[in-house]
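# Examining the three-dimensional arrangement
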Amino acid sequence: MGSIAGNRAAGQVRDDLYARLVSHKIITIIFLSMALAAALAVSLGLGSANISFQELWQVIKGAVTTSSGQEAGNNLARTVILNLRLPRVLLATLAGCSLAGAGVVMQGILRNPLADPYILGISAGASFGAALAVVLGLGKLAGFTLAKGYIVVACAFTFGLLTTFVIYGLASLRGLAPETLILAGVALGYLFSAGVSLLKYLSSHEELRELTLWLMGGLAGAKWQPLFLLFTVCLAALGFLWRYSWDLNALGAGEEVAANLGVNLSRLRRNGAVGASMLASATVAFTGIIGFIGLVAPHLGRFLVGSDYRYLIPASCLLGAILLLAADTLARTVASPIEIPVGVITSLIGVPFFLSLLFRERRRWWS
């Protein structure tokens, strides 16, 4: 009887500890959501045009309640916030969520802490698609500017996603091992990079400038209609990937453990790679190449909520949104009225983090 009572007491202690851990993770995610809301408000108020938080509140309240609010003094504030800044900060939020979500899943399925959304050559494939549309003038076939922009986006998205399917087909010949996926991605990345270099060499000055700006990554020119398209893709892909949280948790304990628990490793890696690639391809198509968000945010998420993917995926997405939003705000305000490409800012933030992570992993490998 004593041993039974002791087992029950130990079980109760474990249950209480687990409940406290879960509560901590949920509270952390709530705090991150509040931090993102605060970052959105700060980002909307900062810029070349000085807008007070009182004016910001009036504009947002008027837009939500559909009240006219026709004070003459608020015309500039309404135009700047609703037509320029709000689409941009929402695009930064969506892009940060997508890149972080894709990064955390890539690190999980490849079991590599240095993996990011572009490790399978997605960025190189999307860049080649965009370069092809710009240099060959595919947008001119449409005859008007709006369609031209969407054709560049469509080509970037298509080639980014196509790269994943080609890599998956090549890796299937070797059993979908993580090393095979990575090496196939590196090989295709070099191939598409060579294609981009060739197209840049053949391009005119105007085409070269447009392509260079796209490759540096940026959120300028964000519009409402692309936001709805990106939101739909991101919501569907993130929901699809979150369904595999338990499988990713099992894989984190080792491939043999996951297989013994009934996880289909081939299906997990295939679906995870496709879902993450869809997120990264859609984001790159609208924003260009923005690096390191998908590498930094998942590691910060693990530090805050641990390695349980049920909580790690949403925490990483929120952190990615906060990081990219902060980087974009810095990019358009630090040298105002000159705007720095946000990809430059994220690289300045991400490179030191990546090097510190690399040396830490190197010590672990050689210890």
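Keep in mind that what you see is a predicted model, and the values were worked out from it rather than measured.

Turning our attention to the overall build of the chain. Helix and strand content of the chain: 14 helices and zero strands. Its helices and strands in sequence order give the chain the pattern α-α-α-α-α-α-α-α-α-α-α-α-α-α, from N to C terminus. For the chain, buried positions account for 46% of its 367 residues. Look at the contacts in the chain between residues 6 or more apart in sequence, and 77% of them connect residues 24 or more apart. As displayed, the chain offers around 18500 Å² of accessible surface, 68% of which is attributable to carbon and sulfur atoms.

Moving on, we come to unusual backbone geometry. For R111, which is not glycine, the phi torsion reads 50 degrees and is therefore positive. Along the chain, R111 turns up in the loop between α3 (75-110) and α4 (122-135). Residue classification places R111 among the partly exposed residues on the basis of a relative accessible area of 44%. Of note in the backbone geometry, F292 takes a positive phi value of approximately 75 degrees without being a glycine. If you trace the backbone, F292 turns up in the loop between α11 (265-287) and α12 (293-305). Note on F292: relative accessible area 22%, which makes it partly exposed.

The next thing to look at is the environment of F128. Counting through the fold element by element, F128 comes out in helix α4. By relative accessible area, F128 is classed as buried at 17%. Remark: the alpha-carbon pair of F128 and F159, spanning 31 residues in sequence, is separated by 7.3 Å.

Reading the values: the criteria
- Residues numbered from 1 in each chain as written.
- Predicted model: local features only at pLDDT ≥ 70, side-chain atom pairs only at ≥ 80, totals over all residues.
- Heavy atoms only, no water.
- Helix = DSSP H or I, 4+ residues; strand = E, 2+ residues; numbered from the N terminus.
- Buried < 20%, exposed > 50% of the residue type's maximum accessible area, 1.4 Å probe, protein only.
- Contact = heavy atoms within 4.5 Å.
- Areas by Shrake-Rupley, 256 points an atom, 1.4 Å probe, with all protein chains shown as cover.

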